[in-house]
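Secondary and tertiary structure notes
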Amino acid sequence: MQILFYRRIQSLQHVKGQLLSYKTSNKAKTFHSSYQSTNMSGLQCLASENIWFDKQRYDEAEKCFYEGANGPSTQSSSHAGDQELVSRMKSMELENQTLHKVVVEMRAALQKLESRVAMLEKSPAAVPCAKSAPVKAAPVKVENGDDDDIDLFGSDEDDEEAARLKQERVDAYAAKKSKKPALIAKSSILLDVKPWDDETDMVKLEECVRSVQMDGLLWGASKLVPVGYGIKKLQINCVVEDDKVGTDILEEEITKFEDYIQSVDVAAFNKI
């Protein structure tokens, strides 16, 4: 291959040299004649050589030549790359084998679990009912007397004593409960007390309202609220016991003061 490549280069250099020598000639005629002769000799040279018809062979020879010139470094790097690729392929194969084993183990465990669940569904376990343990009677200790004096079947005196203790406990509980104060239901009421006109003495009106006293009634704060045209109404708060004082009785007692009070209305009613 190298010989063919060298022959191709030499023939090309020969043609190039002859063309350059004829171009530098001073006489055109001589150049023309010599060019024709050179052209003919170049054609004859090319006709005698077969390098142009075996181009693929010469290309391969040229490639081998340059690879031989650059040679050992390229081959060593390619060899190292091949070794790295082989090692990586081996490691991937080992990893693939390990993963395959893990998958097989997981599949076997899943099959066991499925079979166990199927067995449990077919034969459900019976749930035992919890039974209360029997209460054992505490042993009775006898401090005095012989074994012959023990009454294994009990006596009427013991029954009477137990009944007496039970009755005492019931009576004590009832007495304690009776001493506990009963819950008293109370309500907070806000009343609107309206006078006849703007000339009514509101101080006297409030005194008349607070003069109403009864068991379960407690008066609170009060204030004057404008209504219109100079007229003001008395707004007063009170706390009552629901069992003793009702709103109807309270309104009836307040409206007895006809000289000062026109009407009484319940503005708010809240349970306490």
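In this report, we go over the structure that sits alongside the text. The shown structure was predicted, so the numbers you read here are calculated from the model rather than taken from an experiment. (Residues numbered from 1 in each chain as written. Predicted model: local features only at pLDDT ≥ 70, side-chain atom pairs only at ≥ 80, totals over all residues. Heavy atoms only, no water.)

Turning to helix H5 (residues 202-210), a few remarks are in order. Residues Met202, Leu205, Cys208 and Val209 constitute the buried set of H5. Viewed along the axis of H5, the buried residues span an arc of 115°, placing them on a single side of the element. Looking at the buried residues of H5, the elements they touch are strand S1 (186-195), strand S2 (217-228), strand S3 (231-241), helix H6 (247-254) and strand S4 (261-271). (Buried < 20%, exposed > 50% of the residue type's maximum accessible area, 1.4 Å probe, protein only. Helix = DSSP H or I, 4+ residues; strand = E, 2+ residues; numbered from the N terminus. Arc of directions from axis to C-beta. Contact = heavy atoms within 4.5 Å.)

Time to look at the nonpolar core. Leu191, Val209, Trp219 and Ile254 are the most contacted members of the largest nonpolar core, which has 18 residues in total. Among the elements that take part in this core, S3 stands out by supplying 4 residues, more than any other. Once you skip the residues sitting within four places of it in the chain, Leu191 turns out to touch Trp219, Leu234, Gln235, Ile236, Cys238, Leu250, Ile254, Val264, Asp265 and Val266. (Core = buried A, V, L, I, M, F, W, Y, C linked by side-chain atoms within 4.5 Å.)

Right, let's talk about the pattern of salt bridges for a bit. A complete count under the given rule lists 9 salt bridges for this structure. Linking Lys233 and Asp192 is a salt bridge whose minimum nitrogen-to-oxygen distance equals 3.2 Å. On the criterion of sequence distance, the pair formed by Lys233 in strand S3 and Asp192 in strand S1 is long-range, its members being 41 residues apart. Both residues of the pair, Lys233 and Asp192, count as buried. (Salt bridge = Lys/Arg side-chain N within 4 Å of Asp/Glu carboxyl O.)

It is worth spelling out a nonpolar patch on the surface at this point. Together, Leu110, Leu113 and Val117 make up a nonpolar patch on the protein surface, roughly 260 Å² of accessible area in all. Here Leu113 lies in helix H3 (residues 55-122). (Patch = residues over 30% accessible without salt bridge, like charges linked within 9 Å, V, L, I, M, F, W, Y side chains within 5 Å. Areas by Shrake-Rupley, 256 points an atom, 1.4 Å probe, with all protein chains shown as cover.)

The 4 strands are arranged S2-S3-S1-S4 in an open sheet whose pairing can be described as antiparallel. This sheet does not close on itself; its edge strands, each paired only once, are S2 and S4. Neighbour-to-neighbour, the strand axes of this sheet turn through a mean angle of 20°, independent of strand direction. In the sheet, S1 pairs with S3 via 8 bridges, with the strands oriented antiparallel. Looking across to S3, one finds that Ser187 is bridged to Val240. The strands touched by H5 within the sheet are S1, S2, S3 and S4, with S3 carrying the most contacts at an inclination of about 15°. Seen against the sheet, H6 touches S1, S2, S3 and S4 and runs at an angle of roughly 155° to S4. (Pairing = 2+ DSSP bridges. Axes fitted to C-alpha atoms, helices over the stretch in contact; angles between N-to-C directions.)

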